[in-house]
Every structure is written in structure tokens, then in C-alpha cells.
Amino acid sequence: MSALLVTGRDGREDSTGPGIRLAPVDAVTYRAFLGSARGVALGAGFLQCPSWAAVKEGWRSLLLGWGPDPAAGPAGLTGVALVLLRQFPGTRRCFAYLPEGPVVDWSDPEPDAWLEPLLEHLRGAGAFAVRIGPSPAYRTWRGGALKAGTGPGRRLADVLDCEVDPLGTAVAERLRARGWRRCGGADDGDAQPRHVFRVPLAGRSPEELWDGLNQEWRRNVRRARKEGVEVVVGSAAELPDFFRLLEVTERRDGFRLGRSLAYYQRQYAALNAEEPGRMKLCLARHRGEILAAHTMVAVGRRVWYQTGASADHRREVRPSNALQWRMLMDAHASGAQVYDMRGVPSTLDPSDRSYGLLRWKLGTGGHVVETLGEWERPLGGATNHALYRAFQAYLARR
């Protein structure tokens, strides 16, 4: 795979011999590849679907594909990438971002075959730096080890009882050797969560998933049933109710996502236009009132619990537990192999306010995964390096 062809913005192919090619692809071809057996095996996340470009205001986008013959359609592809481009104020240059991408075979021992043409293409598109989000895991902690490791000032990295993924380690080494830098420190600097919580579904029956819940979760789900909590799938019409509850949740739990109702409306419309049912709004009602609302996204063999919101009152009827159990069962029934509950904090200190989120998710019987996080690289040249430093300073001031 060392030989490659790079297709420029004008459609011209620069050949160094027969082999892999990089070229722009249309959304139909891109989606068809993601739905193919090869694409599904690569495990693309929803942030690499073409529809995500319509969600992100202030960015323009590129759809790229690698393979022996990208012009032949999905059968001619081996990988794809959604690239978001953000213009640096006052210049014609842009920052290139591949959220949780590209969608490629990260086990390839020769990543230059696709990384180098990607960088060259983005340089031609006016990018001064590139950020990527490799998909392999780095470390995994089981719930039992984390519960035993809690204490004042403790963090995930303090728990040595974990599984280290050899592929993740190899990918990190390959990226460092090629001048890529991991963003931020151990716990921050990424736009997407570095530590995520996942519940494995493959090969497990509903009864086994129920048994995997801890006693508190099982008790709370039963309590919700007894109290008459009803779980239903909503529609775009209930997004304002979801957003109202999200504002309540942010005030109660002391965080701020910084997203508007329009953002969620745009996301719901874009993802479901791409594939009906890709994004669902799940609601927990009690006595006719919506007490909890969670968003759920499905791509390939994975389902994500993206954002959750709940009311301050009648929490004793446990609407969020009932909602999550229904979403978990729906994910299992759809054939998903993983239910991804997205980000968790790295703290294991019970006195830390954010630890409550991790404790709540641990009750589902899943585990914490540290991904490789996001990696950046300025493109060659003094001007690009200067723009990269200036862009970092600009982001820090925002």
C-alpha cells in the first residue's frame, strides 16, 4: 500500500504508481460505503456521517474517500472522511477538523499511504493545521476496579487495574513518529470526550443485561414501573420540552453545554433526513408530564446516548432510569453491539460534583474506555506554524 494517487481540487490525479487513491466523493457514495460490510466493520461514529456537516454552523465541509478506485462508487473505497473547515478570522486559511475520524483501518501498519495524501489534499484546500480523532481505544477499566479505586483526589489514571489496547498504543506511537501531537493534557484539550462509557451488547440476552445492572438501578427501574412512568419515542415537536429540561439540568448539575434549541432542531432534522430514525428523542412521562428526555443516535452496529435532561421535581419516580433501560433494550433489539453512553469525568473522588455522573453510569454494568483522544499537526512551513499558534491563542480567548 505504499504507492498512492492523490486527487487535487481540480480533479487532477498526481500518481506515484498504482495503489491507493484519495478523491472527493459525493454524499450518496459516502453513505453507501458506511452501510457496506467493509464500512460497518470500520465502526464509523455519527460525527463522521455526511449529515453532521449540516449540524455545524460556521464550518464548511469536504467528503473524501480512499481506495483503489473512488470513482467506481462504494466498492472502490476502503475508507472515508468528513472534514470540517473553519476559516481563521482575517485570513483565507482554515483549520481542518475530522471529528472522531477519519473512518479507516487503523490497524494498517503503513498509515502514510492514506495520511500523507490527506494532508496534501487539505493543504491544497487552504488548511494550515489538521486535527483528527483516531477510533482505537487506549485503556479500559471495568466497573469493579473503579468502584474499588474511589477516594479523595483519585482519578482514573490512578487505577492500574485496566486493559491496555495494543492497537491503540501502536497507533499513538505511529502518530507521534509522524509529528502529530495529542491535544491538551491527560483529561482535556479535546472537542469530543476522551473518556466514554460503553455497555457491551453483543452476545448478551435481555436477561443478562438486566442482571448486569446493579441493585440500585434494578430497584429504580422497578420503582418507575410501579409509579406508572411511561417511556415513549417523541418527535421534533417535543424538542422545546427537551431543551427546557436541559436548561434545568445544566443549572442543577453545574455544567453548560452552550448549545441552543436551534442546534438540536438542526441536528434532529439533518440526521433523520439522512436516515429516518437515526436520531430519536426518548421521553419519560408521569401523569402526562415529561419528566426526562434523552437523545439517542444509531449508526451501523452502535447506538449512542447523546444528551440527557430531567426535571427537578418528582425525581423519586426515577424517570431517567426507566428511560435509559428502555433505550438500552431498544439498542439491543436493533442488533447493536455497543451502547455508548458518551462522556464521563476522569475523577474518582466522591466529593467531586461530577463524580455523580460516572457513578450513575457505572450502575448499568458497562465500563470506561479512554480513547486515543484528538491529535493535531500543523502543516509544513513557517506561515502555517505561525497561523497554528495564533489559532490556538484565538481559541483560548473565546
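Look up: the structure comes first, before these words.
So, here's what we can say about the structure.

Conventions used here
- Residues numbered from 1 in each chain as written.
- Predicted model: local features only at pLDDT ≥ 70, side-chain atom pairs only at ≥ 80, totals over all residues.
- Heavy atoms only, no water.
- Helix = DSSP H or I, 4+ residues; strand = E, 2+ residues; numbered from the N terminus.
- Expected span 1.5 Å × (residues − 1).
- Buried < 20%, exposed > 50% of the residue type's maximum accessible area, 1.4 Å probe, protein only.
- Arc of directions from axis to C-beta.
- Contact = heavy atoms within 4.5 Å.
- Polar contact = N/O pair within 3.5 Å; in protein donor to acceptor, adjacent residues only side chain to side chain.
- 1 Å grid on protein atoms, 1.4 Å probe; cavity = no way out; pocket = protein on both sides within 12 Å on 5 of 7 lines; lining within 4 Å.
- Points joined across faces, edges and corners; volume = space filled by probe spheres on them.
- Nonpolar A, V, L, I, M, F, W, Y, C, P; charged D, E, K, R; others polar.

Glycine aside, the phi torsion of most residues is negative, and most peptide linkages are trans. The residue after Gly101, namely Pro102, is reached through a cis peptide bond having omega 10°. Among the secondary structure elements, Pro102 is positioned in the loop between strand S6 (94-98) and helix H4 (112-124). Notably, Glu100 is not glycine yet its phi reads approximately 50°, a positive angle. Note on placement: Glu100 falls in the loop between S6 and H4. Backbone geometry at Arg287 places phi at a positive 55°, although glycine is not the residue there. Structurally, Arg287 is set in the loop between strand S13 (279-286) and strand S14 (289-299).

With that settled, consider helix H8 (residues 215-226). Taking 1.5 Å of rise per residue, the 12 residues of H8 would be expected to cover 16 Å, and the 16 Å separating its terminal C-alpha atoms lies within 8% of that figure. For H8, the complete set of buried residues consists of Trp217, Arg218, Asn220, Val221 and Ala224. Within H8, the buried residues cover an arc of 165° as seen down the axis, which keeps them to one side. Facing away from the buried surface of H8 by more than 90 degrees, the exposed residues are Gln215 and Lys226. Where H8 is buried, its residues touch helix H7 (206-212), helix H11 (319-333) and helix H12 (355-362). Near the N-terminus of H8, the side chain that reaches the backbone nitrogen of Glu216, with its oxygen 3.2 Å away, is that of Asn214.

Here the focus is the environment of Ile132. Locating Ile132 in the fold gives a position in strand S7 (residues 127-132). Judged by relative accessible area, which is 0%, Ile132 ranks as buried. For the pair formed by Ile132 and Pro74, sequence separation is 58 residues and the distance between their alpha carbons is 23 Å. Residue contacts for Ile132: discarding those within four places in its chain leaves Leu98, Gly101, Pro102, Trp106, Leu175, Trp180, Gly373, Glu374 and Trp375.

Another aspect to go through is empty space enclosed by the protein. What the rule picks out here adds up to 2 cavities of 30 Å³ or more. What the largest cavity holds in volume is close to 40 Å³. As for the largest cavity, its lining consists of Trp106, Asp108, Pro111, Trp114, Val171, Arg174 and Leu175. Here the lining of the largest cavity takes 3 residues from helix H6 (residues 166-177), the largest share from any one element. Here the residues of the lining of the largest cavity sort into 5 nonpolar, no polar and 2 charged.

Inspection of the secondary structure assignment puts Pro74 in the loop between strand S4 (60-67) and strand S5 (79-87). On the basis of relative accessibility, which here comes to 32%, the residue Pro74 falls in the partly exposed class. Between the C-alpha atoms of Pro74 and Tyr30, which are 44 residues apart in sequence, the distance is 6.9 Å. What Pro74 contacts, discounting residues up to four positions off in sequence, is Thr29, Ala32 and Phe33.

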